[in-house]
Amino acid sequence: MPRSKKFRRARLIVIVLVVLLVAGVGYGGYRGVTAVRASFPEVDGTVKVAGMSAPVDVKRDANGIPQLYADTNEDLFRAQGYVQAQDRFWEMDVRRHITAGRLSEMFGDSQVDTDSFIRTMGWRQVAQKEYDTKLSPDTKKNLQAYADGVNAWLSEHPGGEKASLEYALLGAVNSGYQPEQWTPVDSVAWLKAMAWNLSGNLQEEIDRSLLAQDFGPDKIAELYPDYPYARNGTIVKTGTVGGDTYRPADGSPQPGAAPGTGGTAQGAATTKALLQGLTDRIDAMPQLLGRPGQGIGSNSWVVAGSHTTTGKPLLANDPHLGPGLPSVWYQMGLHCRTTSPACQYDVSGFTFAGMPGVIIGHNKDIAWGFTNLGADVTDLYLEKVTGPDTYQVDGKDVKFDLRKETVKVAGGEDRTITVRTTQTGAPLISDVSTEQQNVGKYAPNGTSAPDRGTGGYGVALQWTALSPGRTMDAVFELDRARNWDDFRGAAKDFAVPAQNLIYADAKNIGYQAPGVIPVRGKGDGSMPAPGWDSSYQWKPDPVPFTALPYSFNPTVGYIVTANQAVVDPSYKYTLTKDWEYGTRAKEITDQIDGLLKNNGKISPDDMQTLQLDNTSIMAKTLVPLLLKQQIDDPYVRQAQDLLKDWNFHQDADSAAAAYYNGVWRNLLSLAFGQKFPADIRAKDNCLLVRQQDDPTKPDSSSRIVNQCGTRDPSKAQPDGGDRWTEVVRQQLDKPDSSWWTYIDSQHKEQKGLDNLLKEAMKNARQDLTSLLGKDISTWSWGRLHKLELREQTMGTDNSSIASGVVHKLLNRGPYRLSGGSAAVDAAGWNAAAGYQVDWIPSMRMVVDLNDLDSSRWINVGGASGHAFHANYNDQTDLWLKGKLLTWAFTPDAVEKATKHKLVLTGS
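Residues numbered from 1 in each chain as written. Predicted model: local features only at pLDDT ≥ 70, side-chain atom pairs only at ≥ 80, totals over all residues. Heavy atoms only, no water.

Draft legend 1. Geometry of the overall build of the protein chain. Check the secondary structure of the protein chain and you find 27 helices and 34 strands. In the protein chain, which comprises 907 residues, the proportion classed as buried is 62%. For the protein chain, the accessible surface area stands at approximately 33,200 Å², while carbon and sulfur atoms represent 49% of it. (Helix = DSSP H or I, 4+ residues; strand = E, 2+ residues; numbered from the N terminus. Buried < 20%, exposed > 50% of the residue type's maximum accessible area, 1.4 Å probe, protein only. Areas by Shrake-Rupley, 256 points an atom, 1.4 Å probe, with all protein chains shown as cover.)

Here it is in C-alpha cells:
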C-alpha cells in the first residue's frame, strides 16, 4: 500500500479515537477533557518571557479580550506575540503554512495542488523581499519582537496536547511534525492572503471569457452593466487631477503638504479548457477571509460632529468576510503606560492572529475603518509558449525566469515543480503542479493572435501584490497616527490590498483611497490580455498616490463607503471596470439623510441600528410586479399573498422574506442560469437547456438536454448579488427581452417577463414546500438562511464519518440569520447554490470620538482559538442579536472591566 494511503487510513482511525476521547466516553472522556484543558492559556499570575526588559500587564475582560500595558515598543509587541500564541497558535501555524505553500507538510498529499499554486505565485518570496528591502528599521524591530514573543510561548508548548487539541489530532497521524520557530516574514506573508481575497475582478475576467463561448459582446455587457452613477452615486464627488495631484470637488481643503512619494477580443474567445482549469485551481485555494471577487464587500461610514448627538464624530465599520472559526479577527489593546519615543502606541481594535499591531480601530487621537476599494489590481495574460523556457513577445522569443520548488508531503513523496515567470514578474499560473504545462486545446480567435502550436497558450497572472511593498509599515503608522496628515502618510504606504480608508478625529472626518493601482497600456482589465503584444503590459509606474481621490471635511458632513464607485468616469485614471453596484451605499446614505432631515442628529445607537438594516432594496421594485400577476392556482396564490403587506425587511422570522428570496432565486435560474454554460453553474445543478447541434452554425437545429454544472457552488453564477440586482433592474424595462425566454417544467419554451414571473412564483412555492413544509404559517427566512461557523484550519473534507464528527465538535451552529446579499446587514448567500450564508459582517464597531470608552465592538466568534474554551464563540449570540460589547479603552475603564491579570516578566 502506498505511504499516502497508509497516511489517510491512519488519519481516519486516529481521528475517530481522539474524537471519542474528547466527546467523553468513560475514562477516555476524562482523559480527553483533561487534554483539551491543558492547552488553555494562563490568564492569571506571573509568567517569565525571555527578553522582556520590564513587566508587561495582560488584562483580560470577561470575553477574554486582552489589553496589554508595557514601557517599550519591543516589550509591547513581544507580549502581543506571546498572548496571540496563547489563544491562536494553531491558527497562526496553519496560516503561515498556507502563505508559504507548505500545507502538505502538515496534512499530506491532499494539499499538493494548493501548495503548488501558492508556490507558483511566490507569496513567501515576495514577503521575504518586503522584509529585506522595503520595511523600515522600526517595523523590523517590532516584527522581530513579536516573533520573539511567539517563540517564547512556543518554547513552553513545543507541540502535542499542551499546545492545542488540533496538534493532538495531527500528531497522532503525523508524529514527525513539530512547529518551527516563528519568523518576522511569517507575519508579513499573511498580507498576501488578505490581498488575494480582496484582489478585485480576477474571477470576473474568467467568467466573461467563459460566457463568450455562448454570448456575444452585447449580451455579456447586459450581464455586466454600467455602474448606475446617477442613482447610487460615488464615495467622493469626483474632483480633477492636474499634474498628478488630486483636487477634490466636495469642499475639501487642500492639505498643507502632500505625503511623500514612497481585455481584449482574443481573451473573450479563450478556450473553455484553459480558463476552467484555472478556475479549478482558484477554487482549491484556502478562503480564510471568504471567497474572492465581486459581491464581497463591507460597510463603513463616518459622521461629522456637527451632525451627531455627542458633538464629536462617530465612525462605524463592519467588514464582510467569509464565516469561520476561529474568528478571522482578534480584538486587542496595545498600550504604552506612557507614550514617548521609546514607547509610541496607545491603540485598540481588530487585528489578525499572526500579525503585530492593530489593523482597524482607534488610538487616543484618531479612528479609522476599511472597506474594499475593489481596484482592478490583477490581470490575466495569454502567453504564447514557444518552448520549455521561452515565450513570445512582439514576435520574438523571450526567456522565462525559472525556479524549482519542492513541496514536501507528509506521508507521501515530495513533489518538485518548475515555476516559470515572465519578465514582467507574472508567474505562469496555468502550469500544473508537475513539470508539464496544461493549457487550452484551441487558439483564441483573432487575426493578430499567434498560432497556439502544440504547446497551447499559457496564462500568466500580473498582480500588484507580487511586487514588494510597505503595507506592514503602514499598519504601524496608522496605529501611532495623531492627525489627518499622519493618516495620509500611512495610507501612502498601504500598498495591497487597496482599501477605502475612512478617518475621524475629535474635529474632523476624512476619506483616502490608497493602494498600488496599475496604469495599463492597451486594454481595460476586463478580459485576459494578449501577452505576446507588449502594448498591453502595465506601465512602469502605478497611479501616483498624490492623484488618488480623498475627501476631508466634506460640506455634506458625512462619508459613506460600501464598495460603491469611488469616482465617476471623468476621473483621469481607471481604477476598475467592476465596481460593486452601490445598493448598500445608497441605502446607508438615504438612512443618514433621513436622520439628518429637519436638523436631526445621529446618535451612537443610530449608527448601531443602521448596521442591522436588512431591507431588500430590489424587492421594492420586484414585489409590485409579482403582485400584479394573475395567479389561478390557489396553492401558489397563497404564497403570493405573503408579499401583500411585506415591509421588505429580511427578518429571520419573516415568511414573506423566505418566499421572496425563493422567487428571486428561481427568477435568476430561469432567466440566466438555464442559458449559462456549465462551467459557471454550480455542480449538480442540472437544468433543461437548449443546445445547438452545431454551435459553430447559428442557424443549426437545437434540442433540449439535461445539463449539469461543474463549478464549486460558492463561486457559481448567477449568485444573486448586487450585480444581479442591477442586471434584472435594467432588463425589467424590456418585457420582451430574450433573457425572459425560458424552458418551463413541462420542457416547453416560454417567452415574456410576465410568464417568467409566474413560473418563478410557482417554482418557489414548490421549493419552499419541500424545504419548509406545506403550512406557510410555519415558514421563515431564518429556516432557509442559516449560518454555520465552520472550523477552517482542519479543512472541509467531510467525506468520512470520522472527519465529519471532528467538524461537528469544532463547528458551531447552524444559526438562523436575518439579512441578505445586497442588504446593509449583508448576510450573503449564493442564489446559484442555495440559501446558506456564505459571507457575513465579520465584526461590527462604532467608535465615539467624544468618549472612546463609550465605543462599541463585537466579533462573530470570540478571542480564543481553543474549541472548548469559554471564549471560543461567546460573542456569537450577541452578534446574532445585533448587540455590541462596551469597548473599554482608557486605563480606568480597562481596569474596571478586567477579570484576569497576567504579568509577563523577563527571565
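We are not done yet, so read on.
Draft legend 2. Representation of the pattern of salt bridges. As enumerated under the stated definition, the model contains 40 salt bridges in all. A salt bridge links E405 to R403, with the shortest nitrogen-to-oxygen separation between them at 2.9 Å. Taking the shortest distance from any N to any O, the salt bridge between D493 and K492 comes out at 2.9 Å. The structure contains a network of salt bridges with shared partners spanning R470, D473, E477, K492 and D493. (Salt bridge = Lys/Arg side-chain N within 4 Å of Asp/Glu carboxyl O.)

Draft legend 3. Region of the structure containing the sheet that holds strand β2 (residues 56-60). A sheet is described by the order of its strands in space; here 11 strands give the open sequence β1-β34-β2-β3-β8-β9-β10-β11-β18-β19-β21, paired in mixed fashion. The sheet terminates laterally at β1 (45-48) and β21 (550-552), the two strands that pair on one side only. On average, each strand axis in the sheet is tilted by 15 degrees relative to the strand beside it, whichever way the strands run. As defined by bridge partners, β2 adjoins strand β3 (residues 66-70) across four bridges and the pair is classed as antiparallel. Opposite K59, over in β3, you have Q67 as the bridge partner. (Pairing = 2+ DSSP bridges. Axes fitted to C-alpha atoms, helices over the stretch in contact; angles between N-to-C directions.)

Draft legend 4. Fine view of the side chain of N614. Its place among the elements puts N614 in the loop between α18 (604-611) and α19 (617-628). With relative accessibility at 7%, the residue N614 sits in the buried group. Residues within four places of N614 in sequence aside, it is in contact with F648, H649, Q650, D651, S818, G819, A823 and D825. (Contact = heavy atoms within 4.5 Å.)

Draft legend 5. Just the state of the cysteines, in detail. Within this structure, the stated rule accounts for two disulfides. In this model C336 forms its disulfide with C343; the gap between the sulfur atoms is 2.0 Å. On the sign convention where negative is left-handed, the bridge of C336 and C343, at about -85 degrees about the S-S bond, is left-handed. Residue C336 shares its accessibility class with C343, and that shared class is buried. Here C686 connects covalently by a disulfide to C708, the sulfurs 1.8 Å from one another. Between C686 and C708, the disulfide has an S-S torsion of 95 degrees and is therefore right-handed. With C686 in strand β23 (residues 686-692) and C708 in strand β24 (residues 702-708), this residue pair connects regions lying 22 residues apart in the sequence. (Disulfide = S-S within 2.5 Å.)

Draft legend 6. How the structure looks around the confidence of the model for the protein chain. Summing up the model confidence of the protein chain, the mean pLDDT is 88 and the portion of residues at 70 or higher is 85%. Note that pLDDT drops below 50 for residues 433-447; the model gives that stretch 47 contacts with residues more than four away or on any other chain. Counting contacts from residues 796-802, a segment whose pLDDT is below 50, to residues more than four positions away or on other chains yields 10 contacts. (pLDDT = per-residue confidence, 0-100.)

Draft legend 7. Fine view of the pairing of β3. Counting buried residues in β3 gives five out of five residues, a clear majority hidden from the surface. Burial along β3 is two-sided: the face carrying P66, L68 and A70 and the face carrying Q67 and Y69 are both buried. Both β3 and strand β8 (residues 330-336) contribute to a ladder of four bridges, which runs parallel. What sits directly across from A70, in β8, is C336.

Draft legend 8. Summary view of the nonpolar core. Within the largest apolar cluster, 228 residues are counted, with the highest numbers of intra-cluster contacts made by W463, Y571, Y659, Y660, F672 and L904. Sorting elements by how many residues they give to this core places helix α21 (residues 655-671) first, with 12 residues. Contact partners of Y660, with chain neighbours within four places excluded, come to S616, M618, A619, L622, V623, L626, L643 and W646. Listed in part, the 12 residues of the second largest apolar core include Y391, V398, F400 and L428. (Core = buried A, V, L, I, M, F, W, Y, C linked by side-chain atoms within 4.5 Å.)

Draft legend 9. Looking closely at helix α22 (residues 722-731). Burial runs high along α22: nine of the 10 residues are buried. Looking at α22, one finds that the buried residues are D722, R723, W724, T725, E726, V727, V728, R729 and Q731. Looking at the buried side of α22, the elements it contacts are α11 (217-223), α12 (229-232), α17 (583-596), α19 and α21.

Draft legend 10. Summary view of unusual backbone geometry. In the segment running from V496 into P497, the intervening peptide bond is cis, with an omega of -5 degrees. One can find P497 in the loop between α16 (484-493) and β18 (499-504). Backbone geometry places D244, a non-glycine residue, at a positive phi of 60 degrees. Of note, D244 is situated in the loop between β4 (240-242) and β5 (245-247). Taking relative accessible area as the criterion, D244 reaches 25% and is therefore assigned partly exposed. With a phi angle near 55 degrees, D394 is a residue other than glycine that sits in the positive phi range. For D394, a relative accessible area of 46% corresponds to the partly exposed category.

Draft legend 11. Quick look at the environment of L402. Examined against the element boundaries, L402 turns out to sit in strand β15 (residues 401-407). Contact partners of L402, with chain neighbours within four places excluded, come to P388, D389, T418, V419 and R420.

Draft legend 12. How the structure looks around α19. Within α19, burial applies to M618, A619, L622, V623 and L626. Around the axis of α19, the buried residues are gathered within 110 degrees of arc, so they sit on the same side. (Arc of directions from axis to C-beta.)

Draft legend 13. Here's a closer look at the packing of helix α3 (residues 73-100) against helix α7 (residues 137-156). One way to put it is that α3 packs onto α7 with a least axis distance of 7 Å and a crossing angle of 50 degrees. Judged by the inter-axis angle, α3 sits oblique to α7. Both α3 and α7 take part in a crossing whose hand is right-handed. Here α3 contributes N73, E74, F77, R78, Q80, G81, Y82, Q84, A85, Q86, F89 and M92 to the contact with α7, which in turn contributes K141, N142, A145, Y146, D148, G149, V150, A152, W153, L154 and E156. Its residues assigned to classes, the contact of α3 with α7 shows 11 nonpolar, seven polar and five charged. (Parallel < 35°, antiparallel > 145°, perpendicular 65-115°, else oblique. Left-handed = near helix turned anticlockwise from the far one by under 90°. Nonpolar A, V, L, I, M, F, W, Y, C, P; charged D, E, K, R; others polar.)

Draft legend 14. How the structure looks around the environment of A342. With respect to the helices and strands, the residue A342 is situated in the loop between β8 and β9 (346-351). Among residues more than four places away in sequence, those in contact with A342 are D71, T72 and N73.

Draft legend 15. Molecular detail of the environment of I858. Locating I858 in the fold gives a position in strand β32 (residues 856-859). Taking relative accessible area as the criterion, I858 reaches 0% and is therefore assigned buried. Residues I858 and G882, 24 residues apart in the sequence, show an inter-C-alpha distance of 9.0 Å. Ignoring anything within four residues of it in the chain, the contact list for I858 reads Q331, F350, M843, R844, Q875, L878, W879, K883, L884 and L885.

Draft legend 16. View of the packing of α21 against α22. Between α21 and α22, the shortest axis-to-axis distance is 12 Å and the interhelical angle comes to 70 degrees. With respect to their mutual orientation, α21 and α22 come out roughly perpendicular. Only W724, T725 and V728 of α22 make contact with α21, whose side of the interface consists of W664, L667 and L668. Its residues assigned to classes, the contact of α21 with α22 comprises five nonpolar, one polar and no charged.

Draft legend 17. Molecular detail of the packing of aromatic side chains. If you walk through the whole model with that rule in mind, you get 43 aromatic pairs. A ring pair is formed by W484 and Y503, whose centres lie 5.3 Å apart and whose planes are at 65 degrees; its orientation type is edge-to-face. Of this pair, W484 sits in helix α16 while Y503 sits in strand β18, and the two are 19 residues apart along the sequence. On the accessibility criterion, Y503 (0% relative accessible area) is buried. In textbook terms, an aromatic cluster arises when at least three aromatic residues are bridged by ring pairs, as seen for Y246, W484, F487, Y503, Y550, F552, Y571 and Y573. We note R723 situated over the ring of Y224; from NZ or CZ to the ring centre the distance is 4.0 Å. (Phe/Tyr/Trp six-rings, centres within 6.5 Å; stacked < 30°, edge-to-face > 60°. Lys NZ or Arg CZ within 6 Å of the ring centre and 35° of its normal.)

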